[in-house]
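# Breakdown of the fold
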Amino acid sequence: MTIENLSSNKIFGGWNKQYSHQSTSLNCAMRFAIYLPPQASNGQKVPVLYWLSGLTCSDENFMHKAGAQRLAAMLGIAIVAPDTSPRGSDVADDEGYDLGQGAGFYVNATQAPWNKHYQMYDYIVHELPALVESMFPVTDKRSIAGHSMGGHGALVIALRNTAAYQSVSAFSPISNPINCPWGKKAFSAYLGRDTSAWSDYDASTLMRNASEVDGASFVPALVSQGEADNFLTEQLKPGTLQAAAKASGYPLVLESHEGYDHSYFFIASFIEQHLRFHAEHLNVS
């Protein structure tokens with residue numbers, strides 16, 4: 001696997017780096033950022049938190065705005081932030097901000113023209129961790145988190161791959177995309193009009209049906225939601241997720257925060273809580 005280092009910046013004793021590589025899942029060049037804490041430069045392998053960003057974002061938003069590196073350096077956790085979709089002149093796109101490039105929704109598209117490149121689920125679950133674990137001083141212990149569309153992706157991926165993740169968290173996730181405008185638009189395009197396929201990518205449906213039978217175990221989940229979020233009622237629907245957890249007995253902690261909106265000001269305010277939550281389940285301190 002060949003990867004190209006695009007940038008490298010030292011921060012809190014570790015390194016924040018950005019890479020490009022040719023993705024076999026997405027059939028295009030893909031970019032990701034990684035923060036390697038100082039422990040990773042001292043011969044120690046560290047666990048990884050994967051961060052999935054939201055609509056219109058890239059790999060840079062979280063790394064530049066969340067302020068996560070200081071505590072990640074103290075805890076000894078690497079952070080990997082992929083881009084939100086495939087990109088390029090030959091990659092299908094849409095005029096709307098909520099479909100196409102920048103809006104991959106972390107699904108495997110089945111409909112043309114999207115299915116040629118938009119295989120974000122496979123990229124996040126399989127290709128990217130394999131690349132990271134082969135190229136960097138990290139262990140195979142993973143947690144996953146995200147914001148908005150990325151919160152949807154993180155929850156869905158953890159719920160569908162319980163053996164692969166130690167914990168999952170989300171800020172302002174799209175909790176019930178099969179029943180909100182953003183989700184209906186994206187899923188109709190990527191997955192087709194047959195809505196029976198949509199439930200595989202709906203966190204509320206997956207959480208309601210979750211169980212600990214057949215060797216599967218619950219992945220501990222933390223969700224933070226701002227009460228002043230403009231998208232709260234129409235798009236995010238955290239109450240649906242909470243009801244699903246209650247129905248299945250899922251270990252979800254859903255916190256509501258007065259006055260906070262959908263921005264990175266909200267994420268920066270509570271990222272320490274989320275990192276410490278993941279550190280506990282990754283057995284670092």
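Residues numbered from 1 in each chain as written. Predicted model: local features only at pLDDT ≥ 70, side-chain atom pairs only at ≥ 80, totals over all residues. Heavy atoms only, no water.

- In the annotation of an unreviewed UniProt entry, the chain is listed under the name S-formylglutathione hydrolase and assigned to Shewanella benthica KT99.
- Annotation of the chain in UniProt includes, under Catalytic activity (unreviewed entry), the sentence "S-formylglutathione + H2O = formate + glutathione + H(+)".
- In the Sequence similarities (unreviewed entry) part of its UniProt record, the chain is described as follows: "Belongs to the esterase D family." (UniProt positions renumbered as here; feature names shortened; annotations may be inferred.)

## Overview of the side chain of Asp-229
- Relative to the elements of secondary structure, Asp-229 occurs in the loop between β8 (221-226) and α7 (232-236).
- The buried charged residue Asp-229 lacks any salt bridge, with Lys-237 as its nearest oppositely charged partner at 12 Å.
- A distance of 2.8 Å separates the side chain of Asp-229 from the backbone nitrogen of Phe-231, its partner in a polar contact.
- Not counting residues up to four positions away in its chain, the partners in contact with Asp-229 are Ser-172, Leu-236, Tyr-260, Asp-261 and His-262. (Helix = DSSP H or I, 4+ residues; strand = E, 2+ residues; numbered from the N terminus. Buried < 20%, exposed > 50% of the residue type's maximum accessible area, 1.4 Å probe, protein only. Lys, Arg positive; Asp, Glu negative; His and termini not counted. Salt bridge = Lys/Arg side-chain N within 4 Å of Asp/Glu carboxyl O. Polar contact = N/O pair within 3.5 Å; in protein donor to acceptor, adjacent residues only side chain to side chain. Contact = heavy atoms within 4.5 Å.)

## Overview of the packing of aromatic side chains
- Within the structure shown, the criterion is met by 18 aromatic pairs.
- Measuring from centroid to centroid gives 5.3 Å for Trp-114 and Tyr-118, while their planes differ by 80°, and the two rings are edge-to-face. Of the two residues, Trp-114 and Tyr-118, neither departs from the other in class, the shared state being buried.
- For the pair Trp-114 and Tyr-190, a centre-to-centre distance of 5.4 Å together with 85° between the ring planes defines the contact as edge-to-face. Taken together, the positions of Trp-114 in the loop between β5 (78-82) and α3 (120-135) and Tyr-190 in helix α5 (residues 181-191) put the pair 76 residues apart, joining distant regions of the chain.
- On the accessibility criterion, Trp-114 (8% relative accessible area) is buried. (Phe/Tyr/Trp six-rings, centres within 6.5 Å; stacked < 30°, edge-to-face > 60°.)

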